[in-house]
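Take a look at the letters that make up each chain.
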Amino acid sequence: KITRILDNSFSLYLLNKSTMSYGIKSIRYENTARHILLQNENGPCPLLAVANVLLLQGTISLPVSAVRTGVATTDDVCNTLAIVAMDGNPNGNTSSNYHIDELMKFFPTLQYGMDVNPRFVCGPTGMEYTI
């Protein structure tokens, strides 16, 4: 399945974009051994939030090499999330491919937080989509 990622156009965007690495901690969650990613700097990190939820659910696993060293790079995390996204589109639907490609470009930016512009005139649910 990793070959599938490397053969697609978005692979060049994902590979060699790591600027951060995250420690890996082994924990017990609901009587099951799991790994979670640790934040390396203060502040929000939506990439870690998404990855940790999926790690705790058992939906994803970190690469064996990352677990062995106790450190996961941004590429490790993004590529792991990419596999899940690609598995959700097994037939290669063109419309879904576009959305997956956009998602692949978006994943690495999540390591820095999210740019959210609230629209205060729309109440507490008002938000403007930004990239």
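Here the structure is shown first, and the text comes after it.
Note that the structure is a prediction, hence the values are computed from the model and not measured.

K.L.:
Can you help me understand the state of the cysteines in this one?
P.N.:
A covalent bond between the sulfur atoms of two cysteines is what we call a disulfide. Counting across every chain of the model gives zero disulfides. A disulfide-free cysteine, C45 has its sulfur positioned 9.5 Å from the sulfur of C78, the nearest such atom. Classification of C45 by relative accessible area gives buried; the value is 12%.

K.L.:
What is the right way to read the sheet that holds strand β2 (residues 32–37) from this model?
P.N.:
Hydrogen bonds between backbone atoms are what pair the strands of a sheet, whose relative direction is either parallel or antiparallel. Overall, antiparallel pairing links the three strands, which are arranged β2-β1-β3 in an open sheet. With one partner strand each, in any of the chains shown, β2 and β3 (71–73) form the two edges of the open sheet. On average, adjacent strands in this sheet sit at an angle of 40° to one another, irrespective of strand direction. Two elements, strand β1 (residues 21–29) and β3, share three bridges in a ladder whose sense is antiparallel. Of the residues in β3, the one forming a bridge with S21 is T73. Those strands touched by helix α5 (residues 74–87) are β1, β2 and β3, and its axis lies near 70° from that of β3.

K.L.:
What's the story with the environment of L38 in this structure? I'm lost.
P.N.:
With respect to the secondary-structure elements, L38 resides in the loop between β2 and α3 (46–57). Judged by relative accessible area, L38 falls into the partly exposed class, the value being 36%. Among residues more than four places away in sequence, those in contact with L38 are Y22, G23, K25 and L48.

K.L.:
Is there a simple way to explain the environment of D75 in this structure?
P.N.:
Mapped onto the secondary structure, D75 falls in helix α5. Residues D75 and P108, 33 residues apart in the sequence, show an inter-C-alpha distance of 7.9 Å.

K.L.:
Can you help me understand the side chain of N52 in this one?
P.N.:
With respect to the helices and strands, N52 occurs in helix α3. Judged by relative accessible area, which is 16%, N52 ranks as buried. Engagement of the side chain of N52 in a polar contact is seen with the backbone nitrogen of L37, the distance being 2.7 Å. Excluding anything up to four places from it in sequence, N52 contacts I36 and L37.

K.L.:
Could you clarify how one ought to interpret α3 in this entry?
P.N.:
Taking 1.5 Å as the rise per residue, α3 with twelve residues should run 16 Å; its terminal C-alpha atoms sit 17 Å apart, in good agreement. Buried residues of α3: P46, L47, L48, A51, N52, L54 and L55, and no others. The secondary structure elements touched by the buried residues of α3 are β1, β2 and α5. With its phi angle positive at about 85°, G58 sits one or two positions after the end of α3.

Conventions adopted
Residues numbered from 1 in each chain as written. Predicted model: local features only at pLDDT ≥ 70, side-chain atom pairs only at ≥ 80, totals over all residues. Heavy atoms only, no water. Disulfide = S-S within 2.5 Å. Buried < 20%, exposed > 50% of the residue type's maximum accessible area, 1.4 Å probe, protein only. Pairing = 2+ DSSP bridges. Helix = DSSP H or I, 4+ residues; strand = E, 2+ residues; numbered from the N terminus. Axes fitted to C-alpha atoms, helices over the stretch in contact; angles between N-to-C directions. Contact = heavy atoms within 4.5 Å. Polar contact = N/O pair within 3.5 Å; in protein donor to acceptor, adjacent residues only side chain to side chain. Expected span 1.5 Å × (residues − 1).

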